[in-house]
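A closer look at the structure
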Amino acid sequence: MKDISVSVIIPVYNAAPWLERCVDSVRSQSVSNIEVLLIDDGSTDGSGAMCELFAGDDPRIRVFHQPNGGVSAARNLALRMARGRWLAFVDADDTLPADSLQLRLDAGTRTGADAVIADYCEIGVNGSTHDRHSSFQAGCLDKNGIISGILAASLEPDSFFAALWNKLYRRELFERGGITFPARKRAEDWMVNIAYFELAKSCAVISDVVYNYHRNTASAMAKAYPEQPRLWRESLELKRRLIDTYGYQRDKAADAAVFFGEVVEHLLRVAGGGGDYVMAREALSLDESMAAALAADPSKLYRLARLLRPLVVRRHFRIAWIIARVWAIIAQRR
């Protein structure tokens, strides 16, 4: 194929229950001049063999196998192999609406933008659907708009900014900036988006739903990792650099509440996953966690965080851990 408009990158690791559904949604896109890069990251459930079968049925699919190295390693391999003018990222347990790529391509071509951001649909484990809409107005943002809107959004939690899959990227910009995915299990997408949008000169925003995000309790976002405290430190340093570089005015008490809320969410994941007290204490006793608990605006904290805040300030970590453990067990039984 001479002209490939989009390289669709799909990391695959033990995704057998969902993989065919995902690949079929990409193969049936209304735009046909695409390539699909399936990166088998050392799967042990037959996903690698499934990838080969898909490639045998469709010449647009290219399969690469590697020892398990994580999603970042899989995407970095795909970046080296991609040949399309644009890049789209899809998770193996999600799907694309039929016109997903065409809508994004049209917006990128029409505006000449370096990126496209769109809406998505969140599909619950029970099949419920909820469209998620961007806070950015439809149109095309120039560099000032990227700084005041998109990069500023990177300082907030759970924003449209963090995800890869509701966007379209120019491959040339990835190459020019030497952008690769860091070797970490959380927030790697967020860090790549920061690097990309600091280079981008413009971004198209469309109000179409271009992605179906399927909630999956086995996904990486549902897990707790021992290295989470180190990742928080790295993320804080990056946020502080952005604030210093672009002069963002921040409500420090609200920011502290957000950070402490993330600590409590991590504590719940540890508790709900049967993690041990040592891992929980490490997160609670971080200097950053203590500082956030002291500085947080209590009105910005949700109920459990408000309950745990005084315990953390007084360093009653074991009591906080017990409360989180009971809270997680009750939540799982509902």
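So, here is what we can say about the structure in this document. (Residues numbered from 1 in each chain as written. Predicted model: local features only at pLDDT ≥ 70, side-chain atom pairs only at ≥ 80, totals over all residues. Heavy atoms only, no water.)

Considerations on helix 1 (residues 16-27)
Keep this limit in mind: Only runs of H or I of at least four residues qualify as helices and only runs of E of at least two qualify as strands under DSSP, and these elements are numbered from the N terminus. In this scheme, a helix's expected span is set at 1.5 Å multiplied by one less than its residue total. Relative accessible area decides the class of each residue, using a 1.4 Å probe on protein chains only: under 20% of the type maximum gives buried, over 50% gives exposed, and in between gives partly exposed. In this description, one arc is meant: the one made by directions from the helix axis to the C-beta atoms. Working rule for contacts: check all heavy atoms of both residues, and any pair within 4.5 Å makes them a contact.
Helix length check: helix 1, at 12 residues, gives a terminal C-alpha distance of 17 Å against a target of 16 Å (1.5 Å per residue), a fit within 8%. Of all the positions in helix 1, only Leu 19, Cys 22, Val 23, Ser 25 and Val 26 are classed as buried. Viewed along the axis of helix 1, the buried residues span an arc of 155°, placing them on a single side of the element. Turning to helix 1, the residues buried within the fold contact strand 1 (6-12), strand 2 (34-41), helix 2 (47-57) and strand 3 (61-66).

Some remarks on the environment of His 266
Within the fold, His 266 resides in helix 9 (residues 252-272). Put simply, His 266 and Ala 295 are 29 residues apart on the chain and 19 Å apart in space, counted from C-alpha to C-alpha.

Overview of the nonpolar core
Test applied: In this description, a nonpolar core means a group of buried Ala, Val, Leu, Ile, Met, Phe, Trp, Tyr and Cys residues linked to one another through side-chain atoms lying within 4.5 Å.
Counting 77 residues, the largest nonpolar core has Val 6, Ile 10, Leu 38, Phe 89, Phe 174, Tyr 196 and Phe 197 as the members making the most contacts within it. The leading source of residues in this core is strand 9 (residues 203-214), at seven residues. In this structure Phe 89 touches Ile 9, Arg 75, Leu 79, Leu 164, Trp 165, Tyr 169, Phe 174, Phe 181 and Tyr 211, once residues within four positions along its chain are discounted. Grouped together as the second largest cluster of nonpolar side chains are 33 residues, Tyr 277, Ala 280, Leu 301 and Ala 305 included.

Looking at the pattern of salt bridges
Heads up, the condition is: By salt bridge we mean one thing: a side-chain nitrogen of Lys or Arg within 4 Å of a carboxyl oxygen of Asp or Glu.
Counted under the stated rule, the structure contains 20 salt bridges. Here Arg 176 ties to Glu 172 by a salt bridge, and the two come within 2.8 Å at their closest N and O atoms. Of this pair, Arg 176 and Glu 172 both sit in helix 6 (residues 171-177), four residues apart, roughly one helical turn. Close ionic contact of Asp 255 with Arg 250 constitutes a salt bridge, the shortest N to O distance being 2.9 Å. Residue Asp 255 is classed as partly exposed on the basis of its relative accessible area, which comes to 26%. In this structure Arg 250 comes out as partly exposed when scored by relative accessible area, which is 25%. Linked by salt bridges that have partners in common, Asp 24, Arg 27, Asp 58 and Arg 60 make up one network.

Quick notes on the pairing of strand 1
Regular strands have side chains that alternate between both faces of the sheet. This is how the line gets drawn: A strand pair is defined by DSSP finding two or more bridges across the two strands. Handedness is read with the strands pointing away from the viewer; a crossover is right-handed when the path from the first strand over the helix to the second is clockwise.
With seven of its seven residues buried, strand 1 lies for the most part within the structure. Burial of strand 1 is two-sided: the residues Val 6, Val 8, Ile 10 and Val 12 facing one way and the residues Ser 7, Ile 9 and Pro 11 facing the other way are all buried. Pairing between strand 1 and strand 2: seven bridges, direction parallel. Pairing of Ile 9 across the sheet is with Leu 37, part of strand 2. In this region the chain leaves strand 1, passes through helix 1 and returns to the parallel neighbour strand 2; the handedness of that crossover is right-handed. Judged from the four bridges that link them, strand 1 and strand 4 (residues 86-89) form a sheet pairing that is parallel. The partner of Val 6 across the bridge, within strand 4, is Trp 86.

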